[in-house]
Amino acid sequence: MSGTARDQTPRRMIAVIILIPVAVAVALWAFSWPAARIAPRDLPVGIAGPAAAADQLEQRFEERAGAFAPHRYPDEAAARRAIEDRVVYGAVIVTQRGPHLLTATAASPMVAQLLTEAVTAQAPAGTRVPVTDVVAAAPADPRGSALGASILPMALAGVGGGAVVTLLGLRGARAAITLTAASALVGITATALAHSWLRVLTGDWWTEAGAIGLTVLAISAGIAGLAALLGRAGLALGGLTMVLLGNSFAGVTSAPELLPEPAGLLGQWLPPGAGGSLLRSVAFFDGAAAGTPLLTLTLWAALGVVALLVTGRSRRPMTAPARNNADAEPAPAG
């Protein structure tokens, strides 16, 4: 071993000793911090009923220091439509017999439980609060566990696809076509498992496949595009962003409004969170509120593909390489 190599060995050992705890700390922060700080933050909830009683109920919600964002509706039918359109997570209908709670476990079982506890606590002692699940979760997945667990596999599929295309040296249009085809097949395969076999999705089959495929494409194209622009540093940056931040800040197992700021908002700007919101909309709400996550995923996918095409074209040889003199044909004899 040369003297230079021996001099570098202690530095490498120290770097590994320091980097491993740092990596663990970052991972614990990304995954544990949002879970440890779950609480309602401007959670949209509807209120309907006689003006005087509705005013009192709205005031009670506003006293919770920004936990809820009340929306007033003229009657129960309007409140139900707001839930079905994903404007609010639930609604309290004030009646002569007491409050009646409308929930949507398909939007978030955790929020439905939280609203049930909050409304029950505010009701007069001994009052039974009836609860109606307006948009129910899939009977095979009443707690939404399978839907929440689907985000990490989609993220890993996207990261793996972007990394494989990069490491295989695919560039330009070939890389874009490969990622698009692979993402489409992932969408079909995942929907066959989640919808047809597990029955945890209940929407239109091909729309769900398109949502999953677009999510994987947004992740894989984003990572491959970063790698094309920044090299291996872009590959590492994209992978860490999608898995650490995108997955842990997605809010699919709870709700974006339950995560600490700015995790909930940031998670919806990244493909895993946007993909989870889009899949929930098309699987249970007939596409309601799908516009924003659809736009987010499309932008990620489009920017990644553009980066691949631009860098692939710029790296293409502008002229044919000169032939070796030894391979040149001998000049004809004079």
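Everything below is about the structure shown above.
Residues numbered from 1 in each chain as written. Predicted model: local features only at pLDDT ≥ 70, side-chain atom pairs only at ≥ 80, totals over all residues. Heavy atoms only, no water.

### Looking at the pattern of salt bridges
This structure, assessed with the given rule, holds three salt bridges. A salt bridge links E76 to R80, with the nearest nitrogen and oxygen atoms 3.1 Å apart. Taken together, the positions of E76 and R80, both in helix α3 (residues 76–84) and four residues apart, correspond to about one turn of that helix. With a relative accessible area of 28%, E76 lands in the partly exposed category. Of the residues examined, R80 reaches a relative accessible area of 27% and is grouped as partly exposed. Among the ionic contacts, a cluster of salt bridges with common partners joins D55, E58 and R72. (Salt bridge = Lys/Arg side-chain N within 4 Å of Asp/Glu carboxyl O. Helix = DSSP H or I, 4+ residues; strand = E, 2+ residues; numbered from the N terminus. Buried < 20%, exposed > 50% of the residue type's maximum accessible area, 1.4 Å probe, protein only.)

### Structural notes on unusual backbone geometry
The omega torsion across E261 and P262 is 0°, close enough to zero to call that bond cis. Tracing the backbone through its elements, the reader meets P262 in the loop between α9 (232–248) and α10 (263–269). Backbone geometry at A65 places phi at a positive 50°, although glycine is not the residue there. Structurally, the position occupied by A65 is in the loop between α2 (51–62) and β2 (68–73). A65 sits in the exposed class, given a relative accessible area of 76%. If you check the backbone angles, A289 has positive phi at about 60° while not being a glycine. The topology assignment puts A289 in the loop between α11 (271–284) and α12 (291–314).

### Describing the nonpolar core
Counting residues in hydrophobic clusters, the biggest one holds 69 residues, and the most contacted among them are L43, F61, F68, F284 and F285. With near-sequence residues (within four places) excluded, F284 lies in contact with A106, V135, A136, A138, L147, V200, L201 and T202. Grouped together as the second largest cluster of nonpolar side chains are eight residues, A155, I223, A227 and M242 included. (Core = buried A, V, L, I, M, F, W, Y, C linked by side-chain atoms within 4.5 Å. Contact = heavy atoms within 4.5 Å.)

### A look at the pairing of strand β1 (residues 43–48)
Taken across its six residues, β1 has six buried, putting it largely inside the fold. Judged by which residues are buried, β1 turns out to be covered on both faces: L43, V45 and I47 on one side and P44, G46 and A48 on the other are all buried. Of the pairings in the sheet, the one linking β1 to β2 comprises six bridges and is parallel in character. Residue pairing across strands places V45 opposite P70, the latter belonging to β2. Between the parallel elements β1 and β2, the chain passes through α2 in a crossover that is right-handed. Alignment of β1 against strand β3 (residues 91–95), held across three bridges, turns out to be parallel. Looking at β3, one finds that A48 is bridged to I93. (Pairing = 2+ DSSP bridges. Right-handed = clockwise from strand over helix to strand, strands pointing away.)

### Focus: the sheet that holds strand β4 (residues 98–103)
The five strands lie next to each other as β2-β1-β3-β4-β5, forming an open sheet whose pairing is mixed. The sheet terminates laterally at β2 and β5 (131–133), the two strands that pair on one side only. The sheet shows a mean angle of 25° between the axes of neighbouring strands, direction not considered. Its contacts with the sheet place α2 against β1, β2 and β3, and it is angled at close to 165° to β2. Those strands touched by helix α4 (residues 109–122) are β1, β2, β3, β4 and β5, and its axis lies near 175° from that of β4. (Axes fitted to C-alpha atoms, helices over the stretch in contact; angles between N-to-C directions.)

### With respect to the pairing of β3
Buried residues dominate β3, accounting for four of its five residues. Here β3 pairs with β4 via five bridges, running antiparallel. Pairing of A91 across the sheet is with L102, part of β4. Between β3 and β4, which pair antiparallel one after the other, the connecting turn spans two residues.

### Overview of α11
Helix length check: α11 (14 residues) gives 20 Å between terminal C-alpha atoms against 20 Å at 1.5 Å per residue, within 8%. Among the 14 residues in α11, 14 count as buried, and that is most of the element. D286 lies just past α11 and shows a positive phi near 55°. (Expected span 1.5 Å × (residues − 1).)

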